[in-house]
Amino acid sequence: MTEETSVPFRSGQEGYASYRIPAVVVTHAGTVLAFCEGRVGSASDHGNIDIVLKRSTDGGNTWGPLTVAATNGDKLAGNPAPVVLDTGRILLVYVRASGTATEKDILLGKVSAAEGRRVWLRHSDDDGVTWSTSVEITAQVKDPKWRWYATTPGHAIQLSTGRVVVAANHTIPPTGADLGNEGRYNSGHCLLSDDRGATWRIGYRDENTNGYINVNETTAAELPDGRVYFNTRNDSPSPGNRADAHSTDGGQTLVKPFRPQAGLSAPICEGSVLQIRDPDLLLFSGPADPVDRALMTIRVSTDGGTTWRPADTVSGLPAAYSDLVRVDAETVGLLFETGDFGAYERISFCRVPVTRLT
């Protein structure tokens, strides 16, 4: 069996100038749900942005029509963090903001709380065909002092205990003469729900301003022993662009703060992790070029994220953000940004045989 690739989203088509920030899950019925940000006017990180969705009922080989999974009018709805619950319900945690609020202005504290990054939730009980009204959960999961706020990107997880864990990141206010857009104020946390999304709270907080590890976009997986593994983008110039941490209490606290993960050579970019069973493998997807967003590669750990080895070079082309999903017993799916001359021309879905990863 060889890898098969389809293209659910192509920039400039179906009403959107650009598609970014992929997230993917598989429902209990076996439907692949591919989410991303549909950016109406440009590829910019702010503006008129919807969360769009395509459904595949054949394992990601072909895709149905584009639908809107969440919108904020002509403002921003982004950073989709979907998770399929044990009940079959699909939760979608995401962020809303003013379309004119730039990341720089938010970091500098120039954007009001009402116009800044706020957290919302909706759900689907019919395999992603229709969605409930959205409910705001900002007050439960965002410290009023925080400025920037982002969920994941990529899928969230439900632990074997039933707890829902959504990895996230934020920035804290600056001190002294700093402005707030310095990298050392980048911080990490997670959202926790023990009642399948009815109520939420903040789990661990990683707020270390020494400039060594600047926690940014983060992804999570539950290991076979019940620990939660977190892997994050690190924007500090050294000692590498990936860092990780473990939790033994379901994301409430970290055993140790995030530390460098030298086994994952990567540019400054989001990545995804996925724990699969039978065989027990922890997977990481992301660009493998140490500087540029290119060379999308799946890497494998058999010791809970301590060490890593390359398992499958999916593409030698430009590539950036990605998300992993178990499609079926024989297949892992990878939804990732890529293109021939730049990383943001399309979002592709690659079916990878599990045998290639072992």
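Cut-offs applied
Residues numbered from 1 in each chain as written. Predicted model: local features only at pLDDT ≥ 70, side-chain atom pairs only at ≥ 80, totals over all residues. Heavy atoms only, no water. Phe/Tyr/Trp six-rings, centres within 6.5 Å; stacked < 30°, edge-to-face > 60°. Helix = DSSP H or I, 4+ residues; strand = E, 2+ residues; numbered from the N terminus. Buried < 20%, exposed > 50% of the residue type's maximum accessible area, 1.4 Å probe, protein only. Lys NZ or Arg CZ within 6 Å of the ring centre and 35° of its normal. Pairing = 2+ DSSP bridges. Axes fitted to C-alpha atoms, helices over the stretch in contact; angles between N-to-C directions. Core = buried A, V, L, I, M, F, W, Y, C linked by side-chain atoms within 4.5 Å. Polar contact = N/O pair within 3.5 Å; in protein donor to acceptor, adjacent residues only side chain to side chain. Contact = heavy atoms within 4.5 Å. Salt bridge = Lys/Arg side-chain N within 4 Å of Asp/Glu carboxyl O.

**With respect to the packing of aromatic side chains**
Geometrically, a pair of aromatic rings is defined through the distance of the ring centres and the angle of the planes.
Phase 1: For the structure shown, the criterion picks out nine aromatic pairs.
Phase 2: A centroid spacing of 6.2 Å and a plane angle of 50° characterise the contact between Tyr 229 and Trp 308, whose relative ring orientation is tilted. Pair noted here: Tyr 229 is in strand β16 (residues 228-234) and Trp 308 is in the loop between β21 (296-301) and β22 (309-313), with a separation of 79 residues, a long-range link. There is no split in this pair, since Tyr 229 and Trp 308 are both buried.
Phase 3: Taken together, Phe 9, Tyr 16 and Tyr 19 form an aromatic cluster joined through their ring pairs.
Phase 4: Lying across the ring of Tyr 321, Arg 20 places its NZ or CZ 4.7 Å from the centre.
Phase 5: For the cation-ring pair, Arg 117 lies above Trp 148, with the distance from its terminal atom to the ring centre recorded as 4.0 Å.

**Focus on the sheet that holds strand β20 (residues 281-287)**
Phase 1: With antiparallel pairing, the four strands of this open sheet are ordered in space as β19-β20-β21-β22. Bordering the open sheet on either side are β19 (272-276) and β22, each of which pairs with just one other strand. Neighbour to neighbour, the strand axes of the sheet diverge by 30° on average, direction disregarded.
Phase 2: Sheet topology places β20 next to β21; six bridges connect them, and they run antiparallel.

**Structural notes on the nonpolar core**
Phase 1: Of all hydrophobic cores here, the largest spans 21 residues; its most connected members are Val 93, Tyr 149, Val 166, Leu 191 and Trp 200.
Phase 2: When contributions to this core are tallied by element, the ones reaching two or more residues are β6 (76-84), β7 (90-97), β8 (118-124) and β12 (164-171).
Phase 3: Among the nonpolar cores identified, the runner-up in size contains 17 residues, and Ile 276, Val 300, Val 332 and Cys 350 belong to it.

**Thoughts on the side chain of Arg 163**
Phase 1: By secondary structure assignment, the location of Arg 163 is in the loop between β11 (157-158) and β12.
Phase 2: At a separation of 3.0 Å, a polar atom in the side chain of Arg 163 contacts the main-chain carbonyl oxygen of Asp 249.
Phase 3: Non-local contacts of Arg 163, meaning those with residues more than four positions away in its chain, are made with Ile 157, Gln 158, Leu 192, Ser 193, Asp 194, Arg 201, Asp 249, Gly 250 and Gln 252.

**Some points on the pattern of salt bridges**
Side-chain pairs of opposite charge can arise where the charged atoms are in close proximity.
Phase 1: All chains considered together, the criterion is met by 21 salt bridges.
Phase 2: Of the charged contacts, one joins Asp 194 and Arg 163 as a salt bridge, the two residues approaching to 2.8 Å between their closest N and O atoms. Linking Asp 194 in the loop between β13 (186-193) and β14 (201-206) with Arg 163 in the loop between β11 and β12, this pair joins segments that are 31 residues apart in sequence.
Phase 3: Asp 194 gets classed as partly exposed once you look at its relative accessible area, which sits at 44%.
Phase 4: Relative accessible area serves as the criterion here: at 15%, Arg 163 is assigned to the buried category.
Phase 5: Where Asp 225 meets Arg 227, a salt bridge forms, and the shortest distance between an N and an O atom there is 2.9 Å.

**Side note on the pairing of β7**
Phase 1: With respect to burial, β7 is a largely interior element, eight of its eight residues being buried.
Phase 2: Burial along β7 is two-sided: the residues Ile 90, Leu 92, Tyr 94 and Arg 96 and Leu 91, Val 93, Val 95 and Ala 97 are all buried.
Phase 3: In this structure, the hairpin formed by β6 and β7 is closed by a connection of five residues, where Gly 88 is found at a positive phi of approximately 100°.
Phase 4: The pairing of β7 with β8 spans seven bridges and is classified as antiparallel. Bridge pairing in β8 places Val 93 opposite Leu 121.

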